[in-house]
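Survey of secondary and tertiary structure
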Amino acid sequence: MPALPPTSSPPYKRCPSCQQIYRASSNFCVRDRTQLLSDERILAGKYILLSPIGAGRMSDVFLAEQPHLGRRVAIKLLHHDPEVMRRFDSEVLAVGRIKHDHVVTIHDSGWTDEGRPYLAMEYLEGQDLAAALRQHGPIPSERALVLWLQAVQAVAAAHRSQVIHRDLKPANLLLTIRDGDDGPEEILKVIDFSIAKVTDTRDEQRPTHPGALLGTMPYMAPEQLARGEALPASDVYSLGVVLVEMMTGTVPPAKPADRGQVSVALLRMVNQSTASLELSPQRPLSGQLLELVNAMLSPFPESRPEDAGALLRRVKGLPEVKGWARSPSLPRALSVPRETPTPTPLGAHPRTAPPRPGESAADSSQPSLTEQVLADVGSDLAVAPALPPAPQ
C-alpha cells in the first residue's frame, strides 16, 4: 500500500473543531476563531487524505474526506508520466459523459499543487468481482445473471455515450451494498475507465497510439489482440467471458493451469467454437442463453451483438430474465428482507430447502431465488470494515 504523500509545501491548514481547510497564510478559523493546524494530508485545498486504499502502475488510491460537504471520497492520484496524463484526460471525459447507477461517479478532478492529476470519485465499500470469485468460487446462476445484467446496463449506457471501456474484467466490476427502497441491496458498479476509448469524432483526445495493445489478455476480443482495434462488440466479447467466469469460475475455454495468459488469449483467437462450455448452473439454462453466450464469444465481431445496447435487448428476451421484468426497467439486485435467511456459502448450489417445522422433506420446495441470493449476500459479500472517524 502507498504511504500518504505530502500534498503541499507549505501545507494547508485545517480547523481542529470544524475541519474546514484554509491556506497556509491563515491562522484562525473564521467561524469560531480556533487556532488552525498545519496538515500535510490536505490535497488541492479540498480533501483530507485519511488512509491508502490501493496502488497500481498508473496511480495510487486513497480514502479521503471532503469536509465542506461532509462526505468521504476515493482519491485516485496519478503518477507523473506523459501517457498517464493523456489517459487521465480520457478517463475524465469518458466517465463524465456517462450517467448511470451502475457506473462509478466522478465528483471532481484537477491537479495538485505539485502538478499531479487526481480524480475524486464516490467511495464504495465492498470488493471487486475478481476477489469474490477467488474467495468463494462460482456464483449461483440466478445471482450471477442479476449482477451481470447490471454490468450490461452500465456498458450499454457507455456505448450510448460513444465510450468503449476496453478493459472489462472482474477486477473492474465492484460489488457493493446500497440502501434500496426495501432495505440494503447488493449491486454491481463498473469502474476504471482509464483506457477507455471515446469514439465521438468531435473528441480530439487520442490517449493511445493506433494499434496499441490495451486491455487484459484473457478478456480481450480477437480484434483487440490482433490489431489493437477496440469496437463496441469488443466490450460485448469481454462481457461474455465475464459471465462464463462468474458461473464456472473459469475463463473460457478452460486450459491447463500451466499455460500463461497470452497462450489462453491467443488460443481463443483461433478457436472457431469458443463457447462449447459446460456451465454447470444451479438449474438448467435455456437454449437461448447458451446461444447468446456463443454469439458473444464469437471470434468475429460481426457475429456478436453490435454493442451492449443490442446485447441488452437480447438479454431482456431470455426466459431467465423475463420473469424479473418490472416497468419501466429491469430488476434491481434483490433487497435484504427484515429476517435474513440462514447463510449459504457463495458458490454452493443447494437443490432443496431444509424442511420447515412440521413439514417433511418431500413437502419442502426448492429455495426461492430471493432466499438463495440473499443468503449469499448475508454471509459472503465481503464489505470493508467500518472506517475510522474523521480526524480531530
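First, a word on scope: everything that follows refers to the structure included in this document. The structure displayed is predicted, hence computed values, not measured ones.

The next subject is the layout of surface pockets. Take a probe with the size of a water molecule and roll it over the atoms, and the empty space left behind shows itself. The computed volume of the largest pocket comes to approximately 1200 Å³. Lining the largest pocket are 34 residues; nearest its centre among them are Val61, Ala171, Asn172, Ile191 and Asp192. Residues of the lining of the largest pocket, tallied by class, amount to 15 nonpolar, nine polar and 10 charged.

This part covers the side chain of Gln66. You can see Gln66 is positioned in strand S6 (residues 59–66). For Gln66, the contacting residues outside a window of four places in its chain are Lys46, Tyr47, Arg71 and Val73.

For Val30, the position within the fold is in the loop between strand S2 (21–22) and strand S3 (37–39). Look at Val30 and you get exposed, because its relative accessible area is 64%. Along the chain, Val30 and Gln20 lie 10 residues apart, while their C-alpha atoms are 9.7 Å from each other.

So, about helix H5 (residues 232–248). Helix length check: H5, at 17 residues, gives a terminal C-alpha distance of 25 Å against a target of 24 Å (1.5 Å per residue), a fit within 8%. With 15 of its 17 residues buried, H5 lies for the most part within the structure. Gly249 lies just past H5 and shows a positive phi near 80 degrees.

Let us now look at the nonpolar core. Core analysis: the largest hydrophobic core is formed by 53 residues, its most contacted members being Trp148, Phe193 and Leu311. Listing elements by their share of this core, those giving two or more residues are helix H1 (82–97), helix H2 (129–136), helix H3 (141–160), strand S12 (173–180), strand S13 (183–190), H5, helix H7 (287–296) and helix H8 (308–316). Top contributing element to this core by residue count: H3, with 12 residues. Not counting residues up to four positions away in its chain, the partners in contact with Leu311 are Trp148, Val152, Val236, Leu239, Leu292, Met296 and Pro305. Val84, Val104, Leu119 and Leu174 belong to the second-largest nonpolar core, a separate cluster that totals 12 residues.

Now for the sheet that holds strand S8 (residues 106–111). For sheets, the rule is that strands pair by backbone hydrogen bonds, running either parallel or antiparallel. In spatial order, the strands read S4-S5-S6-S7-S9-S8; together these six strands make up an open sheet with antiparallel pairing. Every interior strand has two partners, whereas the edge strands, strand S4 (42–43) and S8, have only one. The sheet contact formed by S4 and strand S5 (residues 47–55) spans two bridges and is antiparallel. Residue Leu43 lies in a different strand from S5, and its bridge partner there is Tyr47.

Procedures and definitions
Residues numbered from 1 in each chain as written. Predicted model: local features only at pLDDT ≥ 70, side-chain atom pairs only at ≥ 80, totals over all residues. Heavy atoms only, no water. 1 Å grid on protein atoms, 1.4 Å probe; cavity = no way out; pocket = protein on both sides within 12 Å on 5 of 7 lines; lining within 4 Å. Points joined across faces, edges and corners; volume = space filled by probe spheres on them. Nonpolar A, V, L, I, M, F, W, Y, C, P; charged D, E, K, R; others polar. Helix = DSSP H or I, 4+ residues; strand = E, 2+ residues; numbered from the N terminus. Contact = heavy atoms within 4.5 Å. Buried < 20%, exposed > 50% of the residue type's maximum accessible area, 1.4 Å probe, protein only. Expected span 1.5 Å × (residues − 1). Core = buried A, V, L, I, M, F, W, Y, C linked by side-chain atoms within 4.5 Å. Pairing = 2+ DSSP bridges.

Shape is all these values report; function is a separate question.
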